[in-house]
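Overview (structure and organization)
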Amino acid sequence: MDEFFKRIFEHLIGRVHGAMTFRLFLQPTMACIPAVLDGIKDAKAGKHLYFWALFTEPEHRKELLEGGWRSVGRTFILGLVMDTVYQVWQLKAFYPLECFLTAFMLAIIPYLLVRGPVNFWARRFVRGKAFVRGKA
C-alpha cells in the first residue's frame, strides 16, 4: 500500500515537468471561466455561495450539483482524456485512479474555489442595486 501512494505522488509531481505541462494551466483556466460566469449569475440572483450552499441547503443540493456539472463537466472529461494520453505516452501505462485525481484537481477544485468568491465579490463591489437584486 505504501508503494501505491508513493507511485501516485511521484507521478503527480512528474506531471509538473516535461511533456504536456500546458494542461496544468489550460484546464484550471477552462474551469475558472464558467466559475466566474456562474458566480456572477449567482450574485445577480441573490444566491448563497456555491460551495457553502452544497452543505447548508440539502434541498437544493442535487440542483446545485447538476448545474455545476453542466458548467465544468466538459473540462473534467477533457482532463481525463488529456491525462490518459499523457500516461500512455509518457508512462507507457494507464492508472485510472491517478487519471481521475488529476482531472479532479485540475477541473473540479478550481471551479469550486472560484465560483463562491466571485459571487461574494460581485455582490460587494459591483455598484448598482439592480445588479445585486437580479434585475440587471
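Anyway, here's the lowdown on the structure attached to this text. (Residues numbered from 1 in each chain as written. Predicted model: local features only at pLDDT ≥ 70, side-chain atom pairs only at ≥ 80, totals over all residues. Heavy atoms only, no water.)

A look at the overall build of the protein chain
The helix and strand inventory of the protein chain stands at 6 helices and 0 strands. N-terminal to C-terminal, the α/β element order of the protein chain is α-α-α-α-α-α. A compact globule built from 136 residues would reach a C-alpha radius of gyration of about 14 Å, whereas the protein chain, at 18 Å, exceeds it by more than 25%. Projected onto the principal axes, the alpha-carbon positions of the protein chain cover approximately 55 × 30 × 20 Å. The contacts in the protein chain between residues at least 6 apart in sequence include a share of 76% that link residues at least 24 apart. Accessible surface, the protein chain: about 8700 Å² in total, of which carbon and sulfur atoms supply 69%. Put simply, the protein chain has 19 plus and 11 minus side-chain charges, and the middle of one group is 12 Å from the middle of the other. (Helix = DSSP H or I, 4+ residues; strand = E, 2+ residues; numbered from the N terminus. Rg over C-alpha atoms; globule rule 2.2 N^0.38 Å. Contact = heavy atoms within 4.5 Å. Areas by Shrake-Rupley, 256 points an atom, 1.4 Å probe, with all protein chains shown as cover. Lys, Arg positive; Asp, Glu negative; His and termini not counted. Charge placed at Lys NZ, Arg CZ, Asp CG, Glu CD.)

Some words on the side chain of Q87
Residue position: Q87 is located in helix 4 (residues 61–91). Reaching out from Q87, the side chain makes a polar contact with the backbone nitrogen of Y95 at a distance of 2.5 Å. Apart from the residues within four sequence positions on either side, Q87 is in contact with R15, K92, A93, F94, Y95, E98 and C99. (Polar contact = N/O pair within 3.5 Å; in protein donor to acceptor, adjacent residues only side chain to side chain.)

Concerning the packing of aromatic side chains
Under the counting rule described, the total for this entry stands at 6 aromatic pairs. When the centroid spacing of 5.9 Å and the interplanar angle of 85° are considered together, the rings of Y50 and Y111 count as edge-to-face. Taken together, the residues span a long stretch of sequence, with Y50 in helix 3 (residues 50–56) and Y111 in helix 5 (residues 96–125) at a distance of 61 residues. Lying across the ring of Y86, R23 places its NZ or CZ 4.9 Å from the centre. (Phe/Tyr/Trp six-rings, centres within 6.5 Å; stacked < 30°, edge-to-face > 60°. Lys NZ or Arg CZ within 6 Å of the ring centre and 35° of its normal.)

A look at the pattern of salt bridges
Scanning the model with the defined rule gives 4 salt bridges in all. A salt bridge links R7 to E98; the shortest N-O distance between them is 3.0 Å. With a gap of 91 residues between them, R7 in helix 1 (residues 2–14) and E98 in helix 5 connect regions that are remote in the sequence. Since its relative accessible area comes to 24%, R7 is described here as partly exposed. For R115, the salt bridge goes to D42, with nearest N and O atoms at 2.8 Å. Residue R115 is found in helix 5, and its partner D42 is found in helix 2 (residues 23–45); the two are separated by 73 residues along the sequence. A cluster of three or more residues bridged by salt bridges with shared partners is formed by D38, D42 and R115. (Salt bridge = Lys/Arg side-chain N within 4 Å of Asp/Glu carboxyl O. Buried < 20%, exposed > 50% of the residue type's maximum accessible area, 1.4 Å probe, protein only.)

Comments concerning helix 2
Along its 23 residues, helix 2 runs 33 Å from first to last C-alpha, staying within 8% of the 33 Å computed at 1.5 Å per residue. Turning to helix 2, its buried residues are R23, Q27, P28, A31, P34, A35, D38, G39, D42 and A43. Following helix 2 by one or two positions, G46 adopts a phi angle in the positive range, close to 75°. (Expected span 1.5 Å × (residues − 1).)

A closer look at a nonpolar patch on the surface
A cluster of nonpolar side chains, L97, F100, L101, F104, M105, I109 and L113, forms an exposed patch at the surface whose accessible area comes to about 590 Å². With respect to the secondary-structure elements, L113 resides in helix 5. Residue class for L113 comes out exposed when judged on its relative accessible area of 59%. (Patch = residues over 30% accessible without salt bridge, like charges linked within 9 Å, V, L, I, M, F, W, Y side chains within 5 Å.)

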